[in-house]
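Topology and contacts: notes
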Number of protein chains: 2
Amino acid sequence: MTKVVLDAMGGDHAPRANLDGAKLAIERGIVSAEQLVLTGPRELLEPMLAPAGLVGVDVVDAPDVLTCADTPVDAMRRKPRNSISLGIGHVAEHKASGFISAGSTGVVVAAASVGLSRLEGVRRPGIAVTIQGEGGVPFVVMDVGANPLPKAVDLLQYGLMASAYYSGTLGNERPRVGLLNIGTEDTKGNPLTREAHQMLRHAPINFIGSVEGVDVFSGRCEVVVCDGFTGNVLLKVSEGCAEYVLRTTAGFMKEVGLDPDKSRLVLHKLMQRVDYSEYGGAQLLGVDGVVTICHGRSGPEAICNALRFAVRAVGAKVNQHIVSAVKAAAASSQ
Amino acid sequence: MTKVVLDAMGGDHAPRANLDGAKLAIERGIVSAEQLVLTGPRELLEPMLAPAGLVGVDVVDAPDVLTCADTPVDAMRRKPRNSISLGIGHVAEHKASGFISAGSTGVVVAAASVGLSRLEGVRRPGIAVTIQGEGGVPFVVMDVGANPLPKAVDLLQYGLMASAYYSGTLGNERPRVGLLNIGTEDTKGNPLTREAHQMLRHAPINFIGSVEGVDVFSGRCEVVVCDGFTGNVLLKVSEGCAEYVLRTTAGFMKEVGLDPDKSRLVLHKLMQRVDYSEYGGAQLLGVDGVVTICHGRSGPEAICNALRFAVRAVGAKVNQHIVSAVKAAAASSQ
């Protein structure tokens with residue numbers, strides 16, 4: 001039986017939103033109560049389970065509670081029994097296949113990098129985020145911050161890993177993979193993108209070449225490959241830009257006297273469209289286990305979606321596909 | 001008398017939109033006909049001047065017409081008498097103080113880098129773009145693509161140059177300068193941002209530290225400093241994201257049955273808000289002369305705005321302020 005661990009304590013609205021999200025996932029048949037494991041202080045969580053409708057859910061006692069002020073090093077040295085480290089530990093011991101947290105990205109990445117083996121052949125894990133673009137079609141950006149100074153081979157592996165993740169969870173056998181660049185000619189960009197371009201061209205994926213920033217939301221490709229510095233800027237600029245346009249839209253709607261109820265409906269639909277949690281948060285790909293990182297602001301729906309995508313990634317054997325793809329790429333480059 | 005050269009041939013709607021933009025600038029008192037010089041094929045342009053209301057405007061004959069297919073090298077070797085090279089040449093010979101083009105960014109940057117001296121003390125020129133953020137307040141991002149692999153000292157100089165440009169053209173004596181990074185602590189980012197952070201801290205500008213992608217549109221600072229690769233991605237992702245949100249908004253407005261006329265008005269206001277040409281296009285800073293690059297799609301208003309900002313930059317002696325700031329920073333770092 002596939003088990004998944006949910007960090008009950010990570011996120012701005014934990015543990016309440018996390019427990020409610022878990023309940024939604026059970027109600028919707030995404031997981032059974034028996035498949036779900038929670039990490040957090042047992043004495044806090046146990047009395048909450050029955051009222052939250054989570055009878056039969058296991059709790060792994062994690063009495064050390066992290067705060068925003070805890071760095072990854074603090075988390076591991078001074079609070080080793082925190083809900084993130086013990087959740088990752090559960091996956092490392094093969095008691096569960098996936099771990100989901102809305103806690104600090106830095107702590108989750110550090111705990112997973114230390115606690116989980118790398119997948120065979122993978123040099124460096126990276127973070128993949130799924131975003132909705134043109135017509136609501138999702139695309140994946142990788143890496144968005146695990147590795148701000150990757151080598152070309154890492155970008156190649158991001159392409160392979162994100163492609164396998166997309167196929168496994170979003171049902172497109174041959175997602176188009178683009179290399180984020182400044183100009184679409186092979187020779188454009190910096191030494192990193194030029195070298196990565198050559199490697200991606202020969203990889204066993206549907207590589208369409210370089211794409212520019214303006215193509216990211218227009219549906220030119222389903223996978224966008226970039227270094228973690230640029231990817232993080234891309235993700236956060238688009239988040240900030242979308243929020244800014246939405247606030248400005250709301251202001252102008254009021255100013256010109258548009259119907260307030262219908263305006264609210266439009267804004268609500270727009271917010272759903274720009275909400276990354278629709279597609280299950282961020283995935284740390286390249287480690288032996290499914291690791292999902294949700295936005296700190298996650299509410300019950302976001303937690304439930306994260307569980308849905310984690311279970312899909314486990315069921316689709318995304319990590320096995322990654323290992324095969326990395327092996328095939330290494331063989332073909334020799 | 002300050003003279004400025006307008007490339008009559010660059011851009012998707014040239015020469016028509018460029019001539020109409022020039023006329024607007026004259027009508028609005030931004031420049032006089034005597035101050036304006038056009039570059040382009042004389043035999044094409046001269047018959048158009050009187051009908052376009054541009055009597056008294058000088059034409060520098062540039063018979064070689066560039067196409068989209070011409071690379072910067074083609075432009076300079078095979079078509080040396082093109083409207084960009086000759087316009088830059090006019091500035092190099094001190095016959096004019098500024099040059100404005102809606103032609104290829106690559107050709108303008110190459111022609112200016114070859115044809116104009118660097119400002120004293122400046123290591124590498126960069127491109128600064130002005131964008132509207134929260135509440136319509138403009139901010140400048142530099143570099144957006146001139147140098148995809150800068151050194152830390154280049155980022156320091158971008159901060160100095162963009163700050164001087166902002167003060168000179170947008171009337172804020174102490175614009176806040178942020179270093180684009182992935183995390184706001186000093187130690188975050190990559191080796192480039194860590195070194196640049198130390199240099200910017202001691203520079204004679206209003207440096208507020210690192211800013212993240214999400215802060216760019218929220219009004220946290222008026223100047224955003226970054227390498228040309230990241231800046232180009234930032235600029236184009238935000239352009240693509242804003243267009244995507246606008247298209248989606250238009251669709252949802254129709255879907256919920258909002259008043260079509262008022263909806264159009266809201267969309268029109270939004271388009272103006274996300275239109276970079278409101279603030280005069282991109283500036284190549286660091287060369288001896290004012291060089292403005294407009295979007296290829298520029299219409300008459302965008303051309304007129306570019307003339308307005310170029311004339312302001314000349315009048316405010318932005319380049320003299322840049323030289324002083326670079327000198328002061330070099331002295332204080334010794």
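Preceding block: the structure.
In every chain, residue numbers begin from 1 and rise along the written sequence. Labels are handed out in written order, letters beginning with A for the chains and numbers beginning with 1 for the ligands. Two thresholds apply to this predicted model, a pLDDT of at least 70 for residue-level local features and 80 or more for giving and counting side-chain atom pairs, whereas whole-chain, interface and lining totals are computed over all residues. Side-chain measures here rest on the full set of heavy atoms in the structure, leaving out hydrogens and waters.

Observations concerning the overall build of chain A
Regarding its fold elements, chain A presents eleven helices and eleven strands. The globule rule used here is 2.2 Å times the number of residues to the 0.38 power, and the radius of gyration it is set against is calculated over C-alpha atoms. For chain A, the C-alpha radius of gyration of 20 Å lies close to 20 Å, the compact-globule estimate for 334 residues. Look at the contacts in chain A between residues 6 or more apart in sequence, and 70% of them connect residues 24 or more apart. Note that accessible areas follow from Shrake-Rupley with a 1.4 Å probe, and for residues the cover is restricted to the protein chains shown. Of the roughly 13,000 Å² of accessible surface on chain A, 52% is carried by carbon and sulfur atoms. Under the scheme used here, helices are H or I runs from DSSP no shorter than 4 residues and strands are E runs no shorter than 2 residues, and both carry numbers assigned from the N terminus. Residue contacts are defined here by distance: any two heavy atoms, one from each residue, within 4.5 Å place the two residues in contact.

Observations regarding the side chain of Asn305 of chain A
Residue and element names in this part refer to chain A. By secondary structure assignment, the location of Asn305 is in helix H10 (residues 300–315). Residue class for Asn305 comes out buried when judged on its relative accessible area of 9%. Ignoring any residue separated from it by four or fewer positions in sequence, one finds Asn305 in contact with Ser277, Glu278 and Gly280. Burial classes: relative accessible area under 20% of the type maximum marks a residue as buried, over 50% as exposed, and values in between as partly exposed (1.4 Å probe, protein chains only).

Some thoughts on the sheet that holds strand E10 (residues 282–285) of chain B
Residues and elements named next belong to chain B. In this description, strands pair whenever DSSP reports at least two bridges between them. Spatially, the eleven strands line up as an open sheet ordered E3-E2-E1-E4-E11-E10-E5-E6-E9-E7-E8, and their pairing is mixed. Two strands lie at the open edges of the sheet, namely strand E3 (58–61) and strand E8 (206–211), each paired on one side alone. Pairwise comparison of adjacent strand axes, ignoring direction, gives a mean angle of 25° for this sheet. Strand direction decides the pairing type here: strand E6 (residues 138–142) and strand E9 (residues 223–225), joined by three bridges, are parallel. Within E9, the position partnered with Val140 by the bridge is Val223. What counts as an axis is a line fitted to C-alpha atoms, over the stretch in contact for a helix, and the angles between N-to-C directions run from 0 to 180 degrees.

Overview of the interface of chain A and chain B
Of the residues lining the interface, 53 residues belong to chain A; the matching set on chain B comes to 52 residues. When chain A packs against chain B, close to 4,600 Å² is buried across both sides, 75% of that on carbon and sulfur atoms. For any pair of parts, buried area is found by adding up, for both, the accessible area (1.4 Å probe) each one loses once the two are put together. If you sort the residues of chain A by the area they bury against chain B, Ile182, Phe229 and Tyr244 of chain A come out on top, with a joint share of 16%. We define a salt bridge as a side-chain nitrogen of Lys or Arg found within 4 Å of a carboxyl oxygen belonging to Asp or Glu. Across the chain A-chain B interface, the total number found is six salt bridges. The partner of Lys236 of chain B in a salt bridge is Glu212 of chain A, with the nearest N and O atoms 2.6 Å apart. For the purposes of these results, a polar contact is taken to be a pair of N or O atoms within 3.5 Å, where, inside protein, one atom must be able to donate a hydrogen and its partner to accept one; residues adjacent in sequence count only when each atom of the pair is a side-chain atom. Connecting chain A to chain B are 14 residue pairs in polar contact (both at pLDDT 80 or more). Taken together, the elements giving at least two residues each to the side of chain A that touches chain B come down to helix H7 (191–201), helix H8 (228–255) and helix H9 (260–273) of chain A.

What about unusual backbone geometry?
Following Met142 of chain A, the chain continues to Asp143 of chain A via a peptide bond in cis, the omega torsion being 5°. Here Asp143 of chain A shows up in the loop between strand E6 (138–142) and helix H6 (152–170). Omega for the bond connecting Ala14 of chain B with Pro15 of chain B falls within 30 degrees of zero, at -5°, which places this linkage in the cis form. Positionally, Pro15 of chain B belongs in the loop between strand E1 (4–7) and helix H1 (16–27). Its identity is not glycine, yet Lys317 of chain B carries a phi of approximately 50°, on the positive side.

Topic: the pairing of strand E5 (residues 126–132) of chain A
All names here are of chain A. E5 sits mainly inside the fold: seven of its seven residues count as buried. Of the two faces of E5, the one carrying Gly126, Ala128, Thr130 and Gln132 and the one carrying Ile127, Val129 and Ile131 are both buried. Relative to strand E10 (residues 282–285), E5 runs antiparallel, the two being bridged by four bridges. Residue Ile127 lies in a different strand from E10, and its bridge partner there is Leu284. Where E5 and E6 come together, five bridges link them in antiparallel fashion. The partner of Ile131 across the bridge, within E6, is Phe139.

Points about helix H2 (residues 42–49) of chain A
Residues and elements named next belong to chain A. Three or more residues of H2 are buried, namely Leu45, Met48 and Leu49. The buried residues of H2 occupy an angular sector of 105° when projected down its axis, which confines them to one face. Seen from the open side of H2, the exposed residues pointing more than 90 degrees away from its buried face are Glu43 and Pro47. Check the buried side of H2 and you find it contacts helix H1 (16–27), strand E2 (36–40) and strand E3 (58–61). Summarising the geometry, the arc corresponds to the directions from the helix axis toward the C-beta atoms.

Things to note about the relation of the copies chain A and chain B
In this comparison the copies share one frame, found by least squares on the C-alpha atoms of residues holding pLDDT of at least 70 in both. Mapping chain A onto chain B leaves a residual RMSD of 0.0 Å; the transformation is a rotation of 180° accompanied by 0.0 Å of translation along its axis. Between the two chains, the operation in question is that of a two-fold axis. The share of interface residues of chain A whose copies in chain B are also at the interface is 98%, consistent with both copies meeting through the same surface.

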